[in-house]
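Residues per chain are reported as follows:
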2 protein chains.
Amino acid sequence: MGASLKDVAQLAGVSVKTVSNVVNNYPHVTPAMRERVQRAIDELGYRPNLTARHLRKGRTGIIALAVPELGNPYFAELAGAVIDAAARHDYTVLLDHTAGLREKEVLVSQGFRAHVIDGLILSPIELEADDLLGRPGDAPLVLLGEREYDAPYDHIAIDNVAAARTAIRHLAGFGRRRIAFLGARREMARQPAHLRLRGWREELTAAGLPHDDSLVAATDAYGRWDGAAAMNALLDRGAEPDAVFAYNDLMALGAIRALVERGLRVPQDVSVVGFDDVEEGRFSTVALTTVSPDKQAIARLAVERVVARLSGAPQLQPERIHPGYTLVARESTAPRTG
Amino acid sequence: MGASLKDVAQLAGVSVKTVSNVVNNYPHVTPAMRERVQRAIDELGYRPNLTARHLRKGRTGIIALAVPELGNPYFAELAGAVIDAAARHDYTVLLDHTAGLREKEVLVSQGFRAHVIDGLILSPIELEADDLLGRPGDAPLVLLGEREYDAPYDHIAIDNVAAARTAIRHLAGFGRRRIAFLGARREMARQPAHLRLRGWREELTAAGLPHDDSLVAATDAYGRWDGAAAMNALLDRGAEPDAVFAYNDLMALGAIRALVERGLRVPQDVSVVGFDDVEEGRFSTVALTTVSPDKQAIARLAVERVVARLSGAPQLQPERIHPGYTLVARESTAPRTG
DNA sequence: CTGAAAGCGCTAACAG
DNA sequence: CTGTTAGCGCTTTCAG
């Protein structure tokens, strides 16, 4: 087993306090003393037991991040950014995924691993506002993503309505008139995509285009397969869209695949816009036009918010923060006569 | 602050031990007692302090996973599988990424967060065998991936040479004769890709094909961009390959993009095989033929190995374990006259 | 500037 | 079946 502070103290012939001072770079230690203690530390290969330190200080330096699905590159890329942002504040990240299951999201939001995580960043899909009531413990929670809650927690998400409108405007600007939406939910009760759907509706109205409900395709999940299936369903029922706005890039990519398989040309026959700007969209054979949320900013803000509440300003007012986004036009969108 | 065992004991009018027994489902407690204690627990909203438990037991139930890059879907998908596998053993995963930097890999392998992680799963890129000497602490380490070390640690990786040979055989079987390899390293000293490169060479020899070194393209990293750049470099210098075997799917996808941009047809003019079977390859417009390592098995075996050493069998012999793989033929490979 | 002692919250002997 | 007590390894008053 590892050596303890006491062992080091004994070997160096000093008290544990002195050793502790050295280990923690306490300023007022004579160089001679420091030297002597350091030698003992090296000799024993002493490494401070962080668990003990945590117990004593009530802090662990660990924050948890829970995303729906690491297989979705958006969340993988975001997780990477969060890990980096956390490292800049000397925090480590405990990662979990919820598969977008409410049950799992509740579990996580209620603070799994009590006292081992100092704070929590959660990107919910199915979670309901009620689930957030009476969270035990005092680990700060920061919410990410499109779902909005009437709960006293920081929420970080780009302005989804405005972003969606930008996408629709882009398509309408190319003369597209039958713009489909991919990724609504079957039961309107829980509608994770409702802001983007609202943006779709609002912008169509503003552009004087009808928002034909037959152009809205529902899905159960948000992967490539779901995008392809929704696209096929839409086409099968004769919706004849000349453009598609998908809930996310994965679905958009799936949709493109489905379109190409049916002999439709992208972007000429059907233009496609995604959402997320995952790297894969840049390199797909038809490079994907997409709404690009500033992932770095999202990650940075989320971590900063947790850290701020952890040190110094625990009583900050909960805020809704909207990081930036841009529309990145690539090959999957073009004017009608391509 | 949260209530402690002692608070609960006081409220229930029993000793801490009794409360502890209830919390830990110790079998021999009278139902009446359990009921009484439970009521006190609920009333106070008591939640055991895991940090304290960890200190006491010397175990935290946390294992660390370090991969090069979460932006690479292979590692993201693998991380997801590891998290699931760990959860099945009641372990939580602390995730870190190394960017494939030796310095970071060394740091991780030396056991960052001493005593808070019970075990470590590491997928190294640049790490050298020397770096593994004299690891402090006793947290078991399991290595993942192509790099092999003469060090007493479990190593889990598919048979990369055989897998690469399968890919080349597949291409040769389609009559391809100038099969390029994308993803060697410039300095041969550190050659992460050496096993797959060896497989390429061996199988070409076996097939009676020349292994023309002008068909080997070096890269500095393994992303989509690197694949595209390597492909372009190869083409620019007039290598004229009729097939490409890439170090991984990302590079293969980048290569396809580069080929298409230059007006070459995939698979007719140039067939492409990747490695990893990331989901994106299934949905790309030219669906990617690839070597598919059994990620679930890799994740499961890695976790099982760590857990086994943690409980019961710490003195297991280090082993090299080869999970299965398959070649998945999709659209990016075909006979010459397409 | 350094030492002694208390205690973070929990579990595990050991009694009873 | 339940209570008492010691101590995991560290930091932190409080003295000196």
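Coordinates for the structure precede this section.
About the cut-offs
Residues numbered from 1 in each chain as written. Chains lettered and ligands numbered in written order. Predicted model: local features only at pLDDT ≥ 70, side-chain atom pairs only at ≥ 80, totals over all residues. Heavy atoms only, no water. Helix = DSSP H or I, 4+ residues; strand = E, 2+ residues; numbered from the N terminus. Rg over C-alpha atoms; globule rule 2.2 N^0.38 Å. Buried < 20%, exposed > 50% of the residue type's maximum accessible area, 1.4 Å probe, protein only. Lys, Arg positive; Asp, Glu negative; His and termini not counted. Charge placed at Lys NZ, Arg CZ, Asp CG, Glu CD. Least-squares fit on C-alpha atoms with pLDDT ≥ 70 in both. Contact = heavy atoms within 4.5 Å. Salt bridge = Lys/Arg side-chain N within 4 Å of Asp/Glu carboxyl O. Buried area = accessible area lost by both parts, 1.4 Å probe. Nonpolar A, V, L, I, M, F, W, Y, C, P; charged D, E, K, R; others polar. Near = heavy atom within 4 Å. Polar contact = N/O pair within 3.5 Å; in protein donor to acceptor, adjacent residues only side chain to side chain. Pairing = 2+ DSSP bridges. Axes fitted to C-alpha atoms, helices over the stretch in contact; angles between N-to-C directions. Right-handed = clockwise from strand over helix to strand, strands pointing away.

Side note on the overall build of chain A
In terms of regular secondary structure, chain A is built from 12 helices and 12 strands. Rg of the C-alpha trace for chain A: 26 Å, well past the compact-globule value of 20 Å for 338 residues, more than 25% over. When each of the 338 residues of chain A is scored for burial, the buried share is 57%. Charge centroids of chain A, computed over 40 positive and 43 negative side chains, lie 4 Å from each other.

Describing the relation of the copies chain A and chain B
One copy of the chain maps onto the second through a rotation around an axis plus a translation along that axis. After a rotation of 180 degrees and a shift along the axis of 0.1 Å, chain A superposes on chain B with an RMSD of 0.1 Å. The superposition operator between the copies reduces to a two-fold rotation axis. In terms of C-alpha distance to the rotation axis, chain A has leucine 94 of chain A as its closest residue, with the C-alpha 2.1 Å off the axis. A high fraction, 100%, of the interface residues of chain A reappear at the interface in chain B, so the copies pair face to face through one surface.

Structural notes on the pattern of salt bridges
All names here are of chain A. One pass over the full model with this rule turns up 52 salt bridges over all chains. Taking the shortest distance from any N to any O, the salt bridge between aspartate 96 and lysine 104 comes out at 3.3 Å. Classification of aspartate 96 as buried rests on a relative accessible area of 10%. Its salt-bridge partner being arginine 309, residue aspartate 154 comes within 2.8 Å of it at the nearest N-O pair. Of this pair, aspartate 154 sits in strand S5 (residues 154-156) while arginine 309 is found in helix H12 (residues 295-310), placing the two residues 155 residues apart along the sequence. For the pair formed by aspartate 154 and arginine 309, the shared burial category is buried. Within this structure, Asp154, Arg305, Arg309 and Glu319 form a network of salt bridges that share partners.

Quick word on the interface of chain A and chain B
Taken together, the contact between chain A and chain B spans 54 residues of the former and 54 residues of the latter. Looking at the side of chain A facing chain B, the largest losses of area belong to Arg47, Arg257 and Phe283 of chain A, adding up to 16% of the total buried there. The partner of glutamate 331 of chain B in a salt bridge is arginine 257 of chain A, with the nearest N and O atoms 2.2 Å apart. Those elements that place two or more of their residues in the side of chain A that touches chain B are helix H4 (50-57), helix H5 (73-88), strand S2 (92-97), helix H9 (224-236), helix H10 (249-261) and helix H11 (279-283) of chain A. Residue composition of the side of chain A that touches chain B, grouped by class: 26 nonpolar, 15 polar and 13 charged.

Brief notes about unusual backbone geometry
The omega angle of the peptide bond from valine 266 of chain A to proline 267 of chain A is 15 degrees, so this bond is cis rather than trans. Position of proline 267 of chain A among the secondary structure elements: in the loop between H10 and strand S9 (271-275). Although it is not a glycine, alanine 99 of chain B adopts a positive phi angle of roughly 55 degrees. Looking at the secondary structure, you find alanine 99 of chain B in the loop between strand S2 (92-97) and helix H6 (102-109). With relative accessibility at 48%, the residue alanine 99 of chain B sits in the partly exposed group. Look at aspartate 276 of chain B: it is not a glycine, yet its phi comes out positive at around 135 degrees. Following the sequence through the fold, aspartate 276 of chain B ends up in the loop between strand S9 (271-275) and helix H11 (279-283).

Some details on the protein's contact with DNA strand D
Lining the immediate environment of DNA strand D, one finds 21 residues, of which Leu5, Tyr46, Arg53 and Arg56 of chain A together with Thr18 of chain B sit closest. A breakdown of the atoms of DNA strand D within 4 Å of the protein gives sugar and phosphate a share of 65%. Leucine 5 of chain A is positioned such that a nitrogen or oxygen atom in its backbone is 2.5 Å from a phosphate oxygen of DNA strand D. In the environment of DNA strand D, a phosphate oxygen lies 3.1 Å from a nitrogen or oxygen atom belonging to the backbone of serine 15 of chain B. Those elements that place two or more of their residues in the surface near DNA strand D are helix H2 (16-23) and H4 of chain A together with helix H2 (16-23) and helix H4 (50-57) of chain B.

Overview of the protein's contact with DNA strand C
Every one of the 21 residues lining DNA strand C counts as a neighbour, but Thr18 of chain A together with Leu5, Tyr46, Arg53 and Arg56 of chain B are closest to it. Between arginine 56 of chain B and DNA strand C, the recorded distance is 2.4 Å, taken from a side-chain N or O atom to a base oxygen. Mapped onto the surface near DNA strand C, the elements with two or more residues apiece are H2 and H4 of chain A together with H2 and H4 of chain B. Counting residues per element, the surface near DNA strand C draws most heavily on H4 of chain B, at three residues. The residue makeup of the surface near DNA strand C, split by class, is eight nonpolar, eight polar and five charged.

Points about the side chain of aspartate 131 of chain B
Residues and elements named next belong to chain B. For aspartate 131, the position within the fold is in the loop between strand S3 (119-122) and strand S4 (141-144). A polar atom in the side chain of aspartate 131 sits 2.9 Å from the side chain of arginine 102. From its side chain, aspartate 131 meets the backbone nitrogen of glutamate 128 in a polar contact 2.9 Å long. Excluding residues within four positions of it along the chain, aspartate 131 makes contact with Arg102, Val106, Ser109 and Gln110.

Digging into the side chain of arginine 135 of chain B
All names here are of chain B. Assignment of secondary structure puts arginine 135 in the loop between S3 and S4. Buried charge arginine 135 goes without a salt bridge, the closest partner of opposite sign being aspartate 138 at 8.3 Å. A polar atom in the side chain of arginine 135 sits 2.7 Å from the backbone oxygen of serine 109. For arginine 135, the contacting residues outside a window of four places in its chain are Ser109, Gln110, Leu120, Pro140, Leu141 and Tyr153.

Side note on the sheet that holds strand S7 (residues 216-218) of chain B
All names here are of chain B. As summarised here, the arrangement of the six strands in space is S7-S6-S8-S9-S10-S12, forming an open sheet in which the pairing is mixed. Taken across any chain shown, the strands that pair with only one partner, and hence form the sheet edges, are S7 and strand S12 (325-328). Direction aside, the axes of adjacent strands within the sheet are offset by 15 degrees on average. The pairing of strand S6 (residues 179-184) with strand S8 (residues 243-246) spans four bridges and is parallel. Within S8, the position partnered with phenylalanine 181 by the bridge is phenylalanine 245. Strands in contact with helix H7 (residues 160-173) are S6, S8, S9, strand S10 (289-293) and S12; relative to S9, the strand with the most contacts, it is inclined by about 165 degrees.

Focus: the pairing of strand S10 (residues 289-293) of chain A
All names here are of chain A. Burial analysis of S10 places five of its five residues in the buried class, which makes it a mostly covered element. Residues Thr289, Val291 and Pro293 line one face of S10 and the alternating positions Thr290 and Ser292 line the opposite face, and both faces are buried. Two elements, S9 and S10, share three bridges in a ladder whose sense is parallel. Note on S10: the bridge partner recorded for valine 273 is threonine 289.

Focus on the pairing of S9 of chain B
Residues and elements named next belong to chain B. A large share of S9 lies buried, amounting to five of its five residues. A two-sided burial pattern is seen for S9, the buried positions comprising Ser271, Val273 and Phe275 on one face and Val272 and Gly274 on the other. Looking at chain direction, S8 and S9 are connected through three bridges and run parallel. Within the sheet, the bridge partner assigned to valine 244 lies in S9 and is valine 272. Between the parallel elements S8 and S9, the chain passes through helix H10 (residues 249-261) in a crossover that is right-handed.

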